[in-house]
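Coordinate analysis (summary)
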Amino acid sequence: MKRMNQGETDGNIDTVNVLIAAGADVKRKDDNGNYMLMSAAQMCGPRIVTALIAAGAEIKLTNGGGMTPLGMALLMRHPESAEVLVSKGARLNASQVQMLNASVTDPRAKAIIQRAAVK
């Protein structure tokens, strides 16, 4: 399988689609313990996040620090990617909500956190 790394997902949806079609492993974890969707959520736009999810990337996985793709998107100020993740079923547990509420100041991000909170 082809490898897709952060440099190859730096905002070019056409490149991402070619890599996915060529068999790129969208469930791959990098050397830091982050999955491809986590990297995309914090560095790319919603089109790439959507493409990775459609190709089978898991939205509920966590890295070694307990972060999810949704948490990454919110921390790195990518509310559009966060909205995609929530629409696909991403949720936040109580400790994630607490950490994000302490770290995020944007009203839109705060609203996403509240919508994604597991009740």
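In the block above lies the structure referred to throughout.
Just so you know, these numbers come straight off a predicted model, no measurement behind them.

Let us now look at unusual backbone geometry. Glycine aside, negative phi is the norm for most residues, and most peptide bonds take the trans geometry. Residue Arg-77 is not a glycine yet carries a positive backbone phi of 65°. Locating Arg-77 in the fold gives a position in the loop between α4 (69-75) and α5 (79-87). The class of Arg-77 is exposed, set by a relative accessible area of 74%.

All right, on to the nonpolar core then. Ranked by internal contacts, the top residues of the largest apolar core, which has 32 residues, are Leu-37, Leu-52, Leu-70, Leu-74, Leu-85 and Leu-92. Among the secondary structure elements, those contributing two or more residues to this core are α1 (13-21), α2 (36-43), α3 (46-54), α4, α5, α6 (94-103) and α7 (107-116). Among the elements that line this core, the one with the most residues is α3, at five residues. Setting aside residues no more than four positions away along its own chain, Leu-70 makes contact with Ala-82, Leu-85, Val-86, Ala-90, Arg-91, Leu-92, Ile-112 and Ala-116.

Along the chain, Asn-34 falls in the loop between α1 and α2. Between the C-alpha atom of Asn-34 and that of Ala-55, which follows or precedes it by 21 residues, the distance is 17 Å. Sequence-distant contacts of Asn-34, that is, excluding residues within four places in its chain, are made with Arg-28, Lys-29, Ser-39, Asn-63 and Met-72. A polar contact of 2.7 Å, which involves the side chain of Asn-34, links it to the side chain of Asn-63.

Definitions and limits used
Residues numbered from 1 in each chain as written. Predicted model: local features only at pLDDT ≥ 70, side-chain atom pairs only at ≥ 80, totals over all residues. Heavy atoms only, no water. Helix = DSSP H or I, 4+ residues; strand = E, 2+ residues; numbered from the N terminus. Buried < 20%, exposed > 50% of the residue type's maximum accessible area, 1.4 Å probe, protein only. Core = buried A, V, L, I, M, F, W, Y, C linked by side-chain atoms within 4.5 Å. Contact = heavy atoms within 4.5 Å. Polar contact = N/O pair within 3.5 Å; in protein donor to acceptor, adjacent residues only side chain to side chain.

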